[in-house]
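An overview of the molecular structure
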Amino acid sequence: MLLGVGGVLALDALGERPTVFHLNEGHAAFASLARTAALVRRGRSLEEAMVLVRRSTVFTTHTPVAAGHDRYEPRLVVRALRQVVRDLKMSDEALLALGGEHGEAKEPFCMTALALRLAEHANGVAALHGRVTREMWMHLYDRRDPAQVPIGHVTNGVHVATWTDPTARAFWRDEAGIDFSVPAVDRDPWPDAARVDPGRLWALRCRWRSRLVLEARRRLAHQAQRQCADADEVLRASQFLDESALTIGFARRFATYKRAPLLFTDADRLAKIVADADRPVQFVFAGKAHPRDTEGQAFLRQVHAMTLDPRFRGRVVMLEEYDMGLARLLVSGCDVWLNTPLRPHEASGTSGMKVAAHGGINLSILDGWWPEGFDGRNGWAIGDGQEPPAEDAEGRRRRDEEDAKSLYALLEREVIPEFFDRSTGGVPERWMDRALRSAATIPGRFGAHRMVAEYLVKAYLPAHGGPAAAERA
Ligand SMILES: *Cc1c(COP(=O)(O)O)cnc(C)c1O
């Protein structure tokens with residue numbers, strides 16, 4: 001109510017007359033009803049008003065996970081909207097049918113269903129997510145073939161300038177002429193990143209890794225202190241990690257589908273990987289679970305317990321107080337960015353896009369944006385893009401096991417050997433090939449400028465140009 005109805009009222013009070021509304025997720029879907037009511041008050045019929053609102057509304061859904069879609073008790077919705085829809089002369093049944101997934105008044109009122117019904121321009125946030133979304137909402141459109149469902153996709157992108165360390169921005173400007181101060185919409189400048197001297201980027205990467213390790217130690221000692229550890233324990237925590245070890249990061253919300261504990265599926269195999277003193281590898285975890293996501297919290301505890309396991313102590317760490325500041329440090333300092341969602345539950349994922357501008361390399365399940373981003377040489381794909389044979393506990397367990405096996409095999413056969421292959425003057429040549437390819441192929445294609453330009457062409461301009469644009473305003 002606050003976001004949707006209040007938002008429309010607030011814009012009006014400010015004298016803003018937008019011609020297009022872009023709703024992200026169903027939370028603000030009542031905005032479309034508030035706008036319909038306003039048009040009816042100005043003399044339009046209900047049918048005409050709905051057509052006008054539909055044409056000028058863009059809706060983006062961001063998750064295929066059922067819990068991510070708000071559903072409310074029908075009676076509560078009728079009561080809450082009474083004032084808003086007073087002028088629509090709509091029966092309660094007709095109102096509720098707009099949010100009923102099967103067009104019935106008694107089922108829970110689904111905000112995503114309402115938003116989709118009142119938006120002509122609808123999209124998911126990656127190609128794979130678009131496909132999953134069409135299947136997921138097929139019943140709303142009375143279609144039997146998902147390909148006929150009018151939902152497209154605009155793949156997410158990150159604001160690269162915000163997420164790129166100042167020293168990295170200076171490096172790309174000086175070494176490859178990449179200018180962060182102007183939005184590069186017509187030409188992606190990032191392919192030029194492939195031309196820079198690998199040794200110079202490697203030297204910078206080592207500085208970012210050191211910075212991360214030093215800050216992690218400070219935080220780990222502080223965490224130990226806060227947990228009343230004795231002086232020896234605090235001292236040990238301040239010496240955890242290694243500035244030159246292959247550093248693999250995992251930092252994001254601890255939603256269960258992201259499977260943070262997947263890395264520990266076969267702890268003995270992981271212990272062997274971590275025990276190799278000649279080729280040191282370390283893992284840095286950070287993240288939070290939603291206050292009501294008890295399963296996600298259990299995952300967090302599981303990973304935390306592994307950091308206390310003697311086999312992993314000091315080599316697998318968990319940093320608390322996760323926020324954007326810590327995320328910045330991680331996306332620049334980690335050599336590898338680990339992403340292990342259960343396909344196809346990750347709508348897009350964006351943290352992996354942030355590492356590429358630092359020459360970080362993605363090691364990810366082919367889910368969300370990665371099937372589009374991965375080109376065979378700019379990172380690694382875990383698994384072959386398979387999905388669970390069945391969406392039950394057994395199906396998921398089997399998928400977890402297969403994906404974990406693929407992850408270990410990649411670490412043992414490709415990731416670790418490439419990182420420690422230092423034939424030329426201490427610089428890992430094959431590694432830096434991959435790192436530069438990551439920088440050349442990802443930040444431009446998965447940046448916010450490309451994304452906004454795509455929304456403009458696919459959705460905003462068509463929605464703005466509808467016949468009654470002037471009247472809507
Ligand atoms: C970018 C970012 C994320 C996104 O993580 P994904 O799991 O890759 O979508 C999460 N948290 C923070 C703080 C971020 O900056």
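Just above sits the structure.
Residues numbered from 1 in each chain as written. Predicted model: local features only at pLDDT ≥ 70, side-chain atom pairs only at ≥ 80, totals over all residues. Heavy atoms only, no water.

Some words on the site of the ligand
Heads up, the condition is: Residues are labelled near a given molecule or strand when at least one of their non-hydrogen atoms is within 4 Å of it. Any pair of N or O atoms that falls within 3.5 Å is considered a polar contact. Within protein, one atom must be able to donate a hydrogen and the other to accept it, and sequence-neighbouring residues count only if both atoms are side-chain atoms. To be clear on the numbers: accessible area is Shrake-Rupley with a 1.4 Å probe, and residue cover counts the displayed protein chains and nothing else.
If you check the shell around the ligand, you find Trp163, Arg252, Lys258, Tyr322, Ala327, Gly349, Thr350, Ser351 and Lys354 and nothing else. One of the side-chain N or O atoms of arginine 252 is found 2.9 Å from an oxygen atom in the ligand. The side chain of serine 351 places a nitrogen or oxygen atom 2.5 Å from an oxygen atom of the ligand. Protein contacts shield 80% of the accessible area of the ligand, which totals 380 Å² for the unbound molecule.

Focus: the packing of aromatic side chains
Just so we agree on the cut-off: In this analysis, rings of Phe, Tyr and Trp, with Trp reduced to its six-membered ring, are considered paired at centre separations within 6.5 Å, and the interplanar angle assigns stacked below 30 degrees, edge-to-face beyond 60, and tilted for intermediate values. Labels follow the DSSP assignment, with helices taken as runs of H or I lasting at least four residues and strands as runs of E lasting at least two, numbered in each case from the N terminus. Per-residue accessibility, obtained with a 1.4 Å probe over protein chains only, is compared with the maximum for each type, and a residue is labelled buried under 20%, exposed over 50%, and partly exposed between these values. The rule is short: NZ of Lys or CZ of Arg within 6 Å of the ring centre and within 35 degrees of the ring normal puts a charge over the ring.
Tallied over the full model, the rule gives 16 aromatic pairs. Look at phenylalanine 250 and phenylalanine 285: their rings are 5.4 Å apart centre to centre, the planes differ by 35 degrees, and that puts the pair in the tilted class. Separated by 35 residues along the polypeptide, phenylalanine 250 in strand S7 (residues 246-251) and phenylalanine 285 in strand S8 (residues 281-286) bring together distant segments of the chain. Assessed through its relative accessible area of 1%, phenylalanine 250 is described here as buried. Residue phenylalanine 285 is classed as buried on the basis of its relative accessible area, which comes to 1%. When the ring centre of tryptophan 163 is taken as origin, the NZ or CZ atom of arginine 328, which lies over that ring, is 5.1 Å away. Just above the ring of tryptophan 163 sits the side chain of lysine 354; from NZ or CZ to the centre is 3.8 Å.

Comments concerning the pattern of salt bridges
Threshold: Within this document, salt bridges are pairs made up of a side-chain nitrogen of Lys or Arg and a carboxyl oxygen of Asp or Glu, the two lying within 4 Å of each other.
Taken as a whole, this structure holds 41 salt bridges when the rule is applied. Measuring nitrogen to oxygen at the nearest pair gives 2.8 Å for the salt bridge that ties glutamate 215 to arginine 219. Of this pair, glutamate 215 and arginine 219 both sit in helix H10 (residues 198-226), four residues apart, which is roughly one turn of that helix. For the residue pair glutamate 215 and arginine 219, the accessibility class agrees, reading buried in each case.

What about the nonpolar core?
Test applied: As used here, the term nonpolar core means buried Ala, Val, Leu, Ile, Met, Phe, Trp, Tyr and Cys residues forming a set that is joined through side-chain atoms within 4.5 Å. Here a residue-residue contact requires only that any non-hydrogen atoms of the pair lie within 4.5 Å.
One finds Trp172, Leu246, Phe283, Phe285, Leu363, Leu411 and Trp431 to be the most contacted residues of the largest nonpolar core, which totals 93 residues. Sequence-distant contacts of leucine 411, defined by excluding residues within four places in its chain, comprise Ile248, Leu263, Ile273, Phe283, Leu363, Ile416 and Pro417. Counting residues in hydrophobic clusters, the runner-up holds 44 residues, among them Val40, Val85, Leu95 and Leu98.

Some words on a nonpolar patch on the surface
Note the threshold: Residues with no salt bridge and a relative accessible area higher than 30% make up the patches, which join like charges within 9 Å and nonpolar side chains (Val, Leu, Ile, Met, Phe, Trp, Tyr) within 5 Å.
Together, Leu456, Val457 and Leu461 line one region of the surface with nonpolar side chains, adding up to about 280 Å² of accessible area. Following the sequence through the fold, valine 457 ends up in helix H19 (residues 448-464).

What to know about the sheet that holds S7
Here is the rule: Strand pairing is assigned whenever DSSP identifies at least 2 bridges connecting the two strands. The axes used here are C-alpha line fits, helices contributing only the stretch in contact, and every angle between their N-to-C directions lies in the interval 0 to 180 degrees.
Strand order in the open sheet formed by six strands is S9-S8-S7-S10-S11-S12, and the pairing between neighbours is parallel. In this open sheet, the two strands that pair with only one neighbour each are strand S9 (316-319) and strand S12 (379-382). Sheet twist, expressed as the mean angle between neighbouring strand axes with direction ignored, is 20 degrees. Here strand S11 (residues 361-365) pairs with S12 via four bridges, running parallel. In the sheet register, asparagine 362 faces S12, and the bridge partner there is glycine 379. Packed onto the sheet, helix H14 (residues 324-333) meets S7, S8, S9 and strand S10 (336-339) and runs at close to 155 degrees relative to S8. On the sheet, helix H17 (residues 393-419) packs against S7, S8, S10, S11 and S12 and is oriented at approximately 160 degrees with respect to S12.

A short note on the sheet that holds strand S5 (residues 121-124)
Read across the open sheet, the four strands follow the order S1-S2-S5-S6; overall the sheet is parallel. A strand with exactly one partner marks an edge of an open sheet, and here the two such strands are strand S1 (21-24) and strand S6 (151-153). In this sheet, neighbouring strand axes are inclined to one another by 30 degrees on average, regardless of whether the strands run parallel or antiparallel. Pairing between S1 and strand S2 (residues 57-60): four bridges, direction parallel. Residue asparagine 24 lies in a different strand from S2, and its bridge partner there is threonine 60.

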